[in-house]
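Residue-level listing of the chains:
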Amino acid sequence: MQLGLFLQWIIKSGILLAIMTGGFAYVTLYERKVLARIQVRIGPNRAGPLGILQPIADGIKLIFKEELIPARADKFIFILAPIITVFPALVITAVVPWGETMTLFGQQVPLGIAPDLNVGALYVMAIASISVYGITLAGWSSNNKYATLGGLRASAQMISYELALGLSFVPSIMLAKSMSLMDHVQMQAQMGMLKWWLYQPLGPAIFLIASIAEVNRAPFDMPEAEQELTAGYHTEYSGMKFALFFMAEYIKMIAVSMIAATLFFGGYLGPFVDRLPWLGPIYLFGKVIILLFGMIWLRATLPRIRYDRLMSFGWKILLPASLLNVFITAVLVVIFG
Amino acid sequence: MGAMQILFLLAAAAVLGAAILVVTSRNLVHAALWLIVALFGVAVVYVLLNAGFFAIVQVVIYIGAIAILFIFAVMLTRQIGGKDGGSQNHSTWWVAALLSLLLMVGIVWILSTWQGFATELPALANEKELISELGKSLVSTYLLPFELASVLLVAALIGAIYVSWEKSR
């Protein structure tokens, strides 16, 4: 029994890692295709039918690129930084439930690695707060002014938006009376999505804005603003180390989409999911695709925000709004139970 | 010796080793990184004590907020490499060493006379509801210390705002 449980965890972790890394490759293609369509272009269509082999071609190209380490860089931290950046992105979704518990080969298999962890929401916050390190250290260890400034900006931005991100979890925790993400999804099923949103009117908007800032996507991609910082914290990185930063960004996009879907859009819920539990992962996948489309659409539409505007937006608008959101939910919970 | 003890010894060794490296590294950023390793080790010890909530809070607050501010401050200073080459020891280091040794012996002696020293880890009654129990006890049994701590934090916040306020306006 112990061995079976152990094997089950290893297999599920393997599946999650495979989905995240494979997903990374195809999110890059998805983004290029959608961006091209929005800009009335065709996009990559040469490698394989409809360009579906393009990510593989890009990967092979990056593997064969020369790796450069700048003179007088802090070599150990320079090599460590991309690894620290990818690691949190890969493990953050371990607490997201993919569906109800299923019976496979005569065993009760909960879908997800630890969907019922009793500190699930806090775990997400903890991992999100670690992900600042990779970028900051990459910027500092490169021994390059532009990279250091990019790293400093990244850490300032991520610390500021983490507050709003964390506070946007609080109303859901109050409504579900639990920090386990499984309980959040089940509470959404019980309350209905409309009531879930009415109890936290600003929650989804705050989460989506803060999470885009947290993964450094346009229009909040200040740490890598080309006009001012050449390429920001990864200016000096090349080859596979650069690819790791790229990978972390896209995996984080998938991860925040999964978490947003779980917290605000019903997670694995959908029609007939109570009778056919294997539909759960498919619904979650569909919701992630839609949220990713939203992120790409924003990148294609909005110009980059100026750095001081970004910080004052985070502290003066988003933080008070998220406190107000917590307050509204608290009052509604006390009045209506 | 069970797996728990082995894990505890590994975590404790990692914490102590990292703590020594914090004070001996000449590079300030490396010292800050070793501090993070030590804080992670403490989080592991919390997990071994069946206090998952504290482990996560340790990571959120110490590693996610305080240590990143250390790194931030260090990156803004000059002379990170520490090329001054002088001795890192104070001339009276042996007094400090003696005092800490005495303190450790004292703590171990007091703990060993405590009746709960040799008891096994008790099984927790309500594993799933640990956090809500903690929350309830914070606003009932421990209300006064909890409120005192929040007043202290608010005072510190106001102080920080006052110190950084631009008076020239």
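Residues numbered from 1 in each chain as written. Chains lettered and ligands numbered in written order. Predicted model: local features only at pLDDT ≥ 70, side-chain atom pairs only at ≥ 80, totals over all residues. Heavy atoms only, no water.

**Description of the confidence of the model for chain B**
Residue and element names in this part refer to chain B. Mean pLDDT over chain B: 83, with 87% of residues reaching 70 or higher. Model confidence for chain B, summarised as mean pLDDT per element, is weakest for helix α5 (residues 130-138) at 80 and strongest for helix α6 (residues 143-164) at 91. Here the predicted complex carries an ipTM of 0.76, next to a pTM of 0.82. (pLDDT = per-residue confidence, 0-100. Helix = DSSP H or I, 4+ residues; strand = E, 2+ residues; numbered from the N terminus.)

**Quick word on unusual backbone geometry**
All names here are of chain A. Positive phi, normally seen in glycine, also occurs at Val40, with a value near 55 degrees. Turning to its location among the elements, Val40 is positioned in the loop between α1 (2-38) and α2 (54-63). Owing to a relative accessible area of 76%, Val40 belongs among the exposed residues under this scheme. Of note, Lys177 is a non-glycine position whose phi angle comes to about 55 degrees, a positive value. Looking at the element boundaries, Lys177 is found in the loop between α6 (145-176) and α7 (181-191). (Buried < 20%, exposed > 50% of the residue type's maximum accessible area, 1.4 Å probe, protein only.)

**Some words on the environment of A:Val91**
Residues and elements named next belong to chain A. When you line up the elements, Val91 lands in helix α3 (residues 75-91). In this structure Val91 comes out as partly exposed when scored by relative accessible area, which is 23%. In sequence terms Val91 and Ala255 are 164 residues apart; their C-alpha atoms lie 9.2 Å from each other. Once residues within four sequence positions are removed from consideration, Val91 is found in contact with Tyr123 and Ile127. (Contact = heavy atoms within 4.5 Å.)

**Some thoughts on the interface of chain B and chain A**
Contacts between the two partners involve 24 residues from chain B, matched on the other side by 25 residues from chain A. Roughly 2,000 Å² of surface becomes buried between chain B and chain A when both sides are summed, with 80% attributable to carbon and sulfur atoms. Here chain B and chain A share 0 salt bridges between them. Summed over the shared surface of chain B and chain A, the number is 2 residue pairs in polar contact (both at pLDDT 80 or more). Of all the elements in the fold, those that place two or more residues in the side of chain B that touches chain A are α2 (28-48) and α3 (52-75) of chain B. The greatest single-element share of the side of chain B that touches chain A, amounting to 13 residues, is contributed by α3(B). The class makeup of the residues in the side of chain B that touches chain A is 19 nonpolar, 3 polar and 2 charged. (Buried area = accessible area lost by both parts, 1.4 Å probe. Salt bridge = Lys/Arg side-chain N within 4 Å of Asp/Glu carboxyl O. Polar contact = N/O pair within 3.5 Å; in protein donor to acceptor, adjacent residues only side chain to side chain. Nonpolar A, V, L, I, M, F, W, Y, C, P; charged D, E, K, R; others polar.)

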